[in-house]
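# Results of the structural survey
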Amino acid sequence: MYDLEENAVKEAITELEVLQEELTAHKDSIIAAADENTYDLSCEYAKCLLENTKLRITDSYGTMRDAFMAEHVSLLYDFEQKHYDSKGIFITGHNGHVGKTNATIGTEKSAGEILSSQYKDQYYALGTEFNNSRFLAPDDSGERKEFEVQNKGDNRLAVLLNESDQDILY
């Protein structure tokens, strides 16, 4: 997707819009062949593909991406209520996306800000912090390598919490 020319991306968008129309047109036969749960998920997957493709050519990537994230959280919440009688969901995400205020340059509203506005007191954003973390990612040569991040500084929350005698804090 990242290497495609704009015309190819626009063509993919058209094809994905046709796919959504086909899903809608054949809703009853899809549900008869599978079930409503499968149909709803298929529509959501098609929507995700379309939105991801639209992100490739937008001038407002951050704003659009967070709006899509918030919309999908709402759709997942509705899906869980409809199919499983769930009373709530738990999502994880980067603080810049799930926080109730926006701190990301180039993004009009974060997903968390949109969700907080929509769900009011029913939306909780929990930040996480770590003192030391390891992760796998490609290095400059493209080889997968383990990296380590260590929080430093006297006033960093992670450092202060790490100096306490508690293993887990909330």
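So, a few notes on the structure that sits alongside this text.

Conventions adopted
- Residues numbered from 1 in each chain as written.
- Predicted model: local features only at pLDDT ≥ 70, side-chain atom pairs only at ≥ 80, totals over all residues.
- Heavy atoms only, no water.
- Helix = DSSP H or I, 4+ residues; strand = E, 2+ residues; numbered from the N terminus.
- Rg over C-alpha atoms; globule rule 2.2 N^0.38 Å.
- Buried < 20%, exposed > 50% of the residue type's maximum accessible area, 1.4 Å probe, protein only.
- Contact = heavy atoms within 4.5 Å.
- Areas by Shrake-Rupley, 256 points an atom, 1.4 Å probe, with all protein chains shown as cover.
- Lys, Arg positive; Asp, Glu negative; His and termini not counted.
- Charge placed at Lys NZ, Arg CZ, Asp CG, Glu CD.
- Expected span 1.5 Å × (residues − 1).
- Pairing = 2+ DSSP bridges.

This part takes up the overall build of the protein. Scanning the protein from terminus to terminus reveals seven helices and two strands. Ordered by position from N to C terminus, the α and β elements of the protein give α-α-α-α-α-α-β-β-α. Its C-alpha atoms give the protein a radius of gyration of 20 Å, clearly above 15 Å, the size a compact globule of 170 residues would have. With respect to the three principal axes, the spread of C-alpha positions in the protein is 60 × 45 × 30 Å. Scored against the burial criterion, the 170 residues of the protein give a buried share of 24%. Contacts in the protein between residues at least 24 apart in sequence constitute 48% of all its contacts with a sequence separation of at least 6. Working note: accessible area of the protein is about 12500 Å², and carbon and sulfur atoms make up 50% of it. Within the protein, the 33 negative side-chain charges are centred at a point lying 4 Å from the centre of the 16 positive side-chain charges.

Our focus in this paragraph is the side chain of Ser 86. By the element assignment, Ser 86 lies in the loop between helix H4 (61-84) and helix H5 (95-98). With relative accessibility at 18%, the residue Ser 86 sits in the buried group. Those residues within four positions of Ser 86 in sequence are excluded, and the remaining contacts are Glu 80 and Gln 81.

Moving on: H4. Residues spaced three or four apart along an α-helix point in a common direction, a consequence of the helix completing one turn every 3.6 residues. Taking 1.5 Å of rise per residue, 24 residues should cover 34 Å, and H4 covers 33 Å from first to last C-alpha, within 8% of that figure. Within H4, the full set of buried residues consists of Gly 62, Asp 66, Phe 68, Ala 70, His 72, Val 73, Ser 74, Tyr 77 and Phe 79. Close packing links the buried residues of H4 with helix H3 (36-55), H5 and helix H6 (111-119). Following H4 by one or two positions, Asp 85 adopts a phi angle in the positive range, close to 55 degrees.

Another aspect to go through is the pairing of strand E2 (residues 144-150). Here seven bridges tie strand E1 (residues 132-138) to E2, and the two strands are oriented antiparallel to one another. Pairing of Phe 135 across the sheet is with Phe 147, part of E2. The turn linking E1 back onto E2 is made up of five residues, and Gly 142 within it adopts a positive phi angle of 95 degrees.

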